[in-house]
Amino acid sequence: MAGVEALRDRVAVLVIVDVLSFSTAVDVAVSRGAAVLPFPHGDDAAARLAAERAGAILARPRRAAGGAFSLSPASLLEIPAGTRLMLPSPNGSRLSLAGGGTPVLAGCLRNAAAVAQAARSLARGGAVGVIPAGERWPDGSLRPAIEDLLGAGAVIHELALPCSPEAQLARDAWRSAAADLPRLIRTSVSGRELTDGGFPRDVDLALERGVSSSAPRLIDGAYRAV
């Protein structure tokens, strides 16, 4: 959040990168013609009310039975076109909603090139801010997440713009790690959490590089493909 707040008034576009799993879930859904409404995680009653008011389906917990749509990208592979899905998440959704009046895109490994192209078009020569979302430790403090650092680096690589030192290091990390990406992300803390929790398919989907031509943009409170 500190990164979003520091950059949103200084850049022309923000790209939120939450590879495991918000940005990947958004890409999977909007690529199939759905709209995704981000919502802060943690208040189920408020989320249900907001979904009703927006005419949206509220995503269920990842472990919900019955094939419910959730933050799991695998649960969204067959989402019907035209679906409005309210998707609470502790990181990606919260950051998406903090962009203020700055255009916001959701980037991941699947759509890095498409998002970079959309960001350049929206920026019109202005700066692009790329936010690796990170994770949280049990005490609520920020846990840096390598999958988001590498996802941000992939977007920065595709942007091919002059970089701040921080952006340059993220880009160079992506370039050096790309050949070993599956092992690095699968054995990262986040990758192990999902795999051990029974969601290895979500990691597989997040690792698919360049398979999406969609650039999810937040418009009127919902991510849609552009």
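Above this text is the structure in question.
Quick caveat: nothing in here was measured; it's all calculated off a predicted structure.

Participant: How do you make sense of the overall build of the protein chain when you look at a structure like this?
Facilitator: For the protein chain, the helix and strand inventory stands at 10 helices and 10 strands. In terms of overall dimensions, the protein chain is globule-like: its C-alpha atoms have a radius of gyration of 16 Å, near the 17 Å expected for 226 residues. Seen through its principal axes, the protein chain has C-alpha atoms that stretch 45 × 35 × 35 Å. Residues counted as buried form 50% of the 226 residues belonging to the protein chain. By element, 53% of the accessible surface of the protein chain is carried by carbon and sulfur atoms, the whole surface being about 10,200 Å². Both charge centroids of the protein chain, one from 24 positive and one from 22 negative side chains, sit 4 Å from each other.

Participant: Sorry if this is basic, but what is going on with the side chain of serine 23 here?
Facilitator: Looking at where serine 23 falls in the secondary structure, it is placed in helix H2 (residues 22-31). Side-chain polar atoms of serine 23 contact the backbone oxygen of isoleucine 16, separated by 3.2 Å. Ignoring anything within four residues of it in the chain, the contact list for serine 23 reads Ile16, Val17, Asp18, Ala106, Gly107 and Cys108.

Quick notes on the rules
- Residues numbered from 1 in each chain as written.
- Predicted model: local features only at pLDDT ≥ 70, side-chain atom pairs only at ≥ 80, totals over all residues.
- Heavy atoms only, no water.
- Helix = DSSP H or I, 4+ residues; strand = E, 2+ residues; numbered from the N terminus.
- Rg over C-alpha atoms; globule rule 2.2 N^0.38 Å.
- Buried < 20%, exposed > 50% of the residue type's maximum accessible area, 1.4 Å probe, protein only.
- Areas by Shrake-Rupley, 256 points an atom, 1.4 Å probe, with all protein chains shown as cover.
- Lys, Arg positive; Asp, Glu negative; His and termini not counted.
- Charge placed at Lys NZ, Arg CZ, Asp CG, Glu CD.
- Polar contact = N/O pair within 3.5 Å; in protein donor to acceptor, adjacent residues only side chain to side chain.
- Contact = heavy atoms within 4.5 Å.

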